[in-house]
Amino acid sequence: MRRIIIDADTGIDDSIAILYALTSENLHVEGITTCFGNSGAGQSAENSIRLIKLSACGYDVPVVMGAECSLEGEYQSAPKHIHGENGIGNVELPESEQKPLDMAAEDFIIKKADELDGELILVTTGRLTNLAKALMKEPKLPCKIKKVVSMGGCLDTHGNVTPYAEANIYGDPRAADMVLRAGFNMILVGLDVTTKTFITAKELSDLDAYCAEKNRPMADYMQKALKHYFGFHSLTEGMTGCCFVHDPLAVLIAEDASLGEYKMLSLGAEYKSEDFRGMLLRDGRYQSTITHHEVAVCTRVDPARAIRRLFGAFQGK
Ligand code: RIB
Ligand code: CA
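Residues numbered from 1 in each chain as written. Chains lettered and ligands numbered in written order. Predicted model: local features only at pLDDT ≥ 70, side-chain atom pairs only at ≥ 80, totals over all residues. Heavy atoms only, no water.

Caption draft 1: Broad picture of the nonpolar core. Of all hydrophobic cores here, the largest spans 66 residues; its most connected members are Ile 199, Tyr 221, Met 222, Leu 226 and Ile 253. The biggest single contributor to this core is helix 11 (residues 216–237), with nine residues. Apart from residues no more than four positions distant in its own chain, Ile 199 is found in contact with Leu 204, Leu 226, Phe 230, Gly 241, Cys 242, Cys 243, Val 245, Ile 307, Leu 310 and Phe 311. Counting residues in hydrophobic clusters, the runner-up holds 34 residues, among them Leu 71, Leu 180, Leu 265 and Val 295. (Core = buried A, V, L, I, M, F, W, Y, C linked by side-chain atoms within 4.5 Å. Buried < 20%, exposed > 50% of the residue type's maximum accessible area, 1.4 Å probe, protein only. Helix = DSSP H or I, 4+ residues; strand = E, 2+ residues; numbered from the N terminus. Contact = heavy atoms within 4.5 Å.)

Caption draft 2: Expanded view of the pattern of salt bridges. Throughout the structure, instances matching the rule amount to 23 salt bridges. The residue Asp 107 makes a salt bridge to Lys 137 at a minimum N-O spacing of 2.8 Å. Placement of Asp 107 in helix 4 (residues 105–115) and of Lys 137 in helix 5 (residues 129–137) is noted, with a sequence separation of 30 residues between them. For Asp 107, a relative accessible area of 26% corresponds to the partly exposed category. Several salt bridges converge on common partners, so that one network encompasses Arg 3, Glu 30, Lys 111, Lys 112 and Glu 115. (Salt bridge = Lys/Arg side-chain N within 4 Å of Asp/Glu carboxyl O.)

Caption draft 3: Highlighting the coordination of the calcium ion (ligand 2). The protein atoms that coordinate the calcium ion (ligand 2) are Asp 9 (OD), Asp 14 (OD), Asp 14 (OD), Thr 125 (O) and Asp 247 (OD), at distances of 2.2 to 2.7 Å. Along the chain, the residues that donate to the calcium ion (ligand 2) are spaced as D-x4-D-x110-T-x121-D. For the residue pair Asp 9 and Asp 14, the accessibility class agrees, reading buried in each case. (Donors = N, O, S within 2.8 Å, 3.2 Å for Na, K, Ca; no water.)

Caption draft 4: Broad picture of the site of ligand 1. Near ligand 1, the surroundings consist of Asp 9, Asp 13, Asp 14, Asn 38, Thr 125, Met 151, Asn 160, Glu 166, Ala 167, Asn 168, His 246 and Asp 247. Asp 13 places a polar side-chain atom, nitrogen or oxygen, 2.6 Å from an oxygen atom of ligand 1. Measuring from an oxygen atom of ligand 1, one finds a side-chain N or O atom of Asn 160 at 2.8 Å. Within the complex, the protein chains bury 95% of what would otherwise be the 280 Å² of accessible surface of ligand 1. Residue assignment for the shell around ligand 1 shows that the elements contributing at least two residues are helix 1 (12–23) and helix 7 (167–171). Taken together, the residues of the shell around ligand 1 break down into two nonpolar, five polar and five charged. (Near = heavy atom within 4 Å. Polar contact = N/O pair within 3.5 Å; in protein donor to acceptor, adjacent residues only side chain to side chain. Areas by Shrake-Rupley, 256 points an atom, 1.4 Å probe, with all protein chains shown as cover. Nonpolar A, V, L, I, M, F, W, Y, C, P; charged D, E, K, R; others polar.)

Caption draft 5: Spatial organisation of the side chain of Thr 194. Tracing the backbone through its elements, the reader meets Thr 194 in helix 9 (residues 191–194). Within polar-contact distance, the side chain of Thr 194 engages the side chain of His 246 at 2.8 Å. Ignoring any residue separated from it by four or fewer positions in sequence, one finds Thr 194 in contact with Met 151, Val 189, Phe 244, Val 245, His 246 and Leu 249.

This is the structure in structure tokens:
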């Protein structure tokens, strides 16, 4: 059993990642911390709480609100054209009585890392702001966390905010730079692989046909939210009846790293230049300060296996 915290800006793809993690028999979700991004940190917390209720996972999952802006204090408005007014494709999920814990996300991460004594895996599906703040408070954190798996960045493919930058790194490049250089045992799951993995209308109709009865509420939600997400992909990428798989891939890889192939690289993130903001700096070539620490960058995944595993969980397989 892998014990994970998901640090999310709970939008549509984050929500699928969260539901998968709550359903998988191999994962125990120790908590969800939230960050600004697809919506505000408060809306992300509310979405996460409602998703936990929807999952009926059978155990308590604390939710903690995190950063509302980047380390530099920049507030960015939510991309409503992608994730809808409420971050989850305008789907109205039933309310829950659960409330976010009254503590800072970075304190929760540090506390759990101590409690779990080297067993904690942190999966980040949004900006790295909460983790950077945790690192500033507890510089020994890289030795206390088993692994960090982050959806973010692009190396050999173009970005989705600028030609050079992916949204999670672009949103707080200084936090990303700090985390990438900190010495975590880290896997980066970026656009190089997430834009080669697709959910299609076929998966949605199979999900509808084969999902276990107990998972029906989650399947119904995913149908609606993913249709909204398909709409965005159709408008911006000209993709018909499908979408990229960003955040769920990070959770799948945290659960089973054999889904991917990796290249070890010494990385940083550009945060000084406006033009190249959020670009990954690699191999010492573009790096202003050389770091010798390397992170594992996912360069290839087996998309069919990843998608089978993702939807297999809801079929009760
Ligand atoms: O670039 C894709 C990432 O940005 C995903 O995590 C998506 O949810 C948004 O946060
Ligand atoms: Ca996300």
